[in-house]
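Residues per chain are reported as follows:
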Amino acid sequence: MTTPHWVNDLPPQPGVYRFHGAEGELLYIGKSINIRQRVKSHFQSCQRSSRARRMCQLTDHIDYTITAGELGALLLENREIKQRQPIFNRRQRRYKQLHTWILNASDTAFLAPVLHRPASESLWNQDSYGLYRSPRQARLALEHWIKQYRLCPKVCGLESGSGPCFSFQLGRCQGACCGKESPDSHNRRLKQALHEHQIQAWPYKGTLVIRECGATEDDYHLVHQWCHLATLNHAPGEEDLQPRHDVCFDLDSYRMLLHFLNRGIEHFVMP
């Protein structure tokens, strides 16, 4: 399949592009730091992928939104895919009913996972671990970590009663439930099990503003409690900080934001 001539009219700039069918139906949403080059690669891959060939055959036109840089393109693509559910994108959803694990210290100095459903006005006031659609999904994850790291299900709140847990009798627990393992040892392994699922506590006293510099203009990404509130093409004022009820935490955008903050992207905080 040949690349349509109008692809050359697309900008060689960062942003989000959208494939549309003849009836205006949304086929696909993608992002790139060079829209023209990325769209060309879709048509060039038709020989290698029947799915790509089918999508390109159905495409009637492409529209796009230019962003200042890569972060803006990532955030916009992530939001639009989940809101608009294009035909050829992998299905993704945003979940407003969130459950997560937090760690509380017990009287015996053992850390214990406690299921937490954060309130929208104070989502991440402390470190938490994992993000789940239901308590059942969260419990299955905890059971997996306990088995993988040989943790004690009684210390982790999945068993009750006195004496050693059932896993200790089977040789799957190292004895935190019966004095055979110290709190420090068990706590260390528990934190190791949860580490890659960590959602950091919100560290800012106000709204975080990330400034992303573009070739012709800048983008300002507004973030609060790890929720991406909006992206502006002007420096934000107080009127831009009004709370929005349609905003919810999204694990993918959280990881994007953390990645760019760790890389040292320019940012400041508005109280």
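This structure is a prediction, so every number in the text was calculated from the model and none was measured. (Residues numbered from 1 in each chain as written. Predicted model: local features only at pLDDT ≥ 70, side-chain atom pairs only at ≥ 80, totals over all residues. Heavy atoms only, no water.)

Participant: I keep staring at the state of the cysteines and nothing clicks. Help me out?
Facilitator: As used in these notes, a disulfide is a covalent bond between sulfur atoms, one from each of two cysteines. Tallying each qualifying case throughout the model produces zero disulfides. C177 forms no disulfide, and the closest cysteine sulfur to it belongs to C165, at a distance of 3.7 Å. (Disulfide = S-S within 2.5 Å.)

Participant: Whenever I open this one, the pattern of salt bridges confuses me. Can you help?
Facilitator: Two side chains carrying opposite charge are able to pair once their charged atoms lie near each other. Enumeration over the complete set of coordinates arrives at nine salt bridges. For E80, the salt bridge goes to R84, with nearest N and O atoms at 3.6 Å. Remark: R84 and E80 occur in helix 3 (residues 70-84); sequence separation between them is four residues, near one turn of the helix. On the basis of relative accessibility, which here comes to 12%, the residue E80 falls in the buried class. Residue classification places R84 among the partly exposed residues on the basis of a relative accessible area of 42%. Where K82 meets D252, a salt bridge forms, and the shortest distance between an N and an O atom there is 2.6 Å. Here K82 is found in helix 3, whereas its partner D252 is found in helix 7 (residues 251-262), with 170 residues between them in sequence. Owing to a relative accessible area of 10%, K82 belongs among the buried residues under this scheme. Connected through shared salt-bridge partners, R18, D63, E80 and R84 make up one network. (Salt bridge = Lys/Arg side-chain N within 4 Å of Asp/Glu carboxyl O. Helix = DSSP H or I, 4+ residues; strand = E, 2+ residues; numbered from the N terminus. Buried < 20%, exposed > 50% of the residue type's maximum accessible area, 1.4 Å probe, protein only.)

Participant: What is the right way to look at the environment of R255 in this model?
Facilitator: The topology assignment puts R255 in helix 7. The spacing of R255 and E239 is 16 residues in sequence and 27 Å in space, taken between C-alpha atoms.

Participant: When you look at the packing of aromatic side chains in this model, what are you seeing that I'm missing?
Facilitator: Any aromatic ring pair is given by two values, namely how distant the centres are and how the planes are angled relative to each other. This structure, assessed with the given rule, holds ten aromatic pairs. Here the aromatic rings of F19 and F43 are separated by 6.2 Å at their centres, their planes lie at 25°, and the arrangement is stacked. Taken together, the positions of F19 in strand 1 (residues 15-20) and F43 in helix 1 (residues 35-44) put the pair 24 residues apart, joining distant regions of the chain. Judged by relative accessible area, F19 falls into the buried class, the value being 0%. The aromatic ring of F260 is capped on one face by R263, whose charged end is 4.8 Å from the ring centroid. (Phe/Tyr/Trp six-rings, centres within 6.5 Å; stacked < 30°, edge-to-face > 60°. Lys NZ or Arg CZ within 6 Å of the ring centre and 35° of its normal.)

Participant: Got a minute to help me understand helix 2 (residues 50-58) in this structure?
Facilitator: Helical geometry: 3.6 residues make up each α-helical turn, so side chains three or four residues apart lie on a common side. For helix 2, the complete set of buried residues consists of A52, M55 and C56. One side of helix 2 holds all its buried residues, which, seen down the axis, span an arc of 95°. Exposed residues on helix 2 whose side chains face more than 90 degrees from its buried face are S50 and Q57. Of the surrounding secondary structure, the elements contacted by the buried residues of helix 2 are strand 1, strand 2 (26-32) and helix 1. (Arc of directions from axis to C-beta. Contact = heavy atoms within 4.5 Å.)

Participant: Would you take a moment to explain the sheet that holds strand 9 (residues 219-224) for this structure?
Facilitator: Within a beta sheet, neighbouring strands are joined by backbone hydrogen bonds and run either parallel or antiparallel to one another. Strand order in the open sheet formed by four strands is 10-9-8-11, with antiparallel pairing between adjacent strands. Strands with a single pairing partner mark the edges of an open sheet, and in this sheet they are strand 10 (227-232) and strand 11 (267-270). Averaged over neighbouring strand pairs, the angle between their axes works out to 25° when direction is ignored. Sheet topology places strand 8 (residues 207-212) next to strand 9; five bridges connect them, and they run antiparallel. Opposite E212, over in strand 9, you have D219 as the bridge partner. Sheet contacts for helix 3: strand 8, strand 9 and strand 10; angle to strand 8, the most-contacted strand, approximately 120°. (Pairing = 2+ DSSP bridges. Axes fitted to C-alpha atoms, helices over the stretch in contact; angles between N-to-C directions.)

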